[in-house]
Amino acid sequence: MRNTERYEVKGANSLWHVYKTVPFFKVVKNFIVIQLARYTPFLGMKNWLYRTFLKMDVGEKTAFALMVMLDVMYPERVKVGRNSVIGYNTTILAHEYLIQEYRLGDVLIGDEVMIGANTTILPGVKIGDGAIVSAGTLVHKDVPAGAFVGGNPMAVIYSKEEMDERRRQDDFFNRKEGSS
């Protein structure tokens, strides 16, 4: 289950209420910063832009690939740990505007997490340390630390324990081949 705050609206759908929920000039500023960062090839500059202008908590040595689209309305609700990789064209949302309500939720991405290209992360999701998210995944619920997940709907492909066992087997076979 995602951890989101729900806000009911009356009348028109919640997107018509958008500037009652977030200031217009904040959205304009965020849009400009995010678009600059999407196209810059300089990883350090991206992180600086996110930290300085969007008030995001971004860990050291984290890499946002080209075309990553952050939540334009609430980027400060996205936290990414250290040494993580956010793959090409990934979308990270901290809000969702629906017909009768809108929802806000923090997105917490742990340390040393790998997010594959073209992934969408929905609001209120926590991705644990060392997790791997396969390309093209819709992350609609929490991801356990160390797990390998993928698909739409997202499912656990390997648990942390299964991933550890696969790595041990790979190490064993790689050492064996090297000694031949």
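The structure under discussion appears in the preceding block.
Summary of the structure given here. (Residues numbered from 1 in each chain as written. Predicted model: local features only at pLDDT ≥ 70, side-chain atom pairs only at ≥ 80, totals over all residues. Heavy atoms only, no water.)

In terms of helices and strands, the chain carries four helices and 17 strands. Principal-axis analysis of the C-alpha atoms places the extent of the chain at approximately 70 × 35 × 20 Å. Of all 180 residues assigned to the chain, the portion counted as buried reaches 42%. In the chain, once contacts between residues fewer than 6 apart in sequence are set aside, the share between residues at least 24 apart is 37%. Summed over all atoms, the accessible surface of the chain reaches about 10000 Å², with 58% contributed by carbon and sulfur. The centroid of the 23 positive side-chain charges in the chain is displaced by 5 Å from the centroid of its 20 negative side-chain charges. (Helix = DSSP H or I, 4+ residues; strand = E, 2+ residues; numbered from the N terminus. Buried < 20%, exposed > 50% of the residue type's maximum accessible area, 1.4 Å probe, protein only. Contact = heavy atoms within 4.5 Å. Areas by Shrake-Rupley, 256 points an atom, 1.4 Å probe, with all protein chains shown as cover. Lys, Arg positive; Asp, Glu negative; His and termini not counted. Charge placed at Lys NZ, Arg CZ, Asp CG, Glu CD.)

It is worth spelling out the sheet that holds strand β11 (residues 114–115) at this point. With respect to topology, six strands assemble into an open sheet ordered β3-β6-β11-β14-β16-β17, the strand pairing being mixed. Sheet topology places β3 (63–64) and β17 (155–158) at the edges, where each strand pairs with a single neighbour. (Pairing = 2+ DSSP bridges.)

Moving on, we come to the pattern of salt bridges. What the rule picks out here adds up to 14 salt bridges. Between Lys10 and Glu8 there is a salt bridge, with its nearest N and O atoms 2.7 Å apart. The exposure classification of Lys10 matches that of Glu8, with both residues exposed. The residue Glu60 makes a salt bridge to Arg51 at a minimum N-O spacing of 3.9 Å. You can call Arg51 partly exposed: its relative accessible area is 30%. (Salt bridge = Lys/Arg side-chain N within 4 Å of Asp/Glu carboxyl O.)

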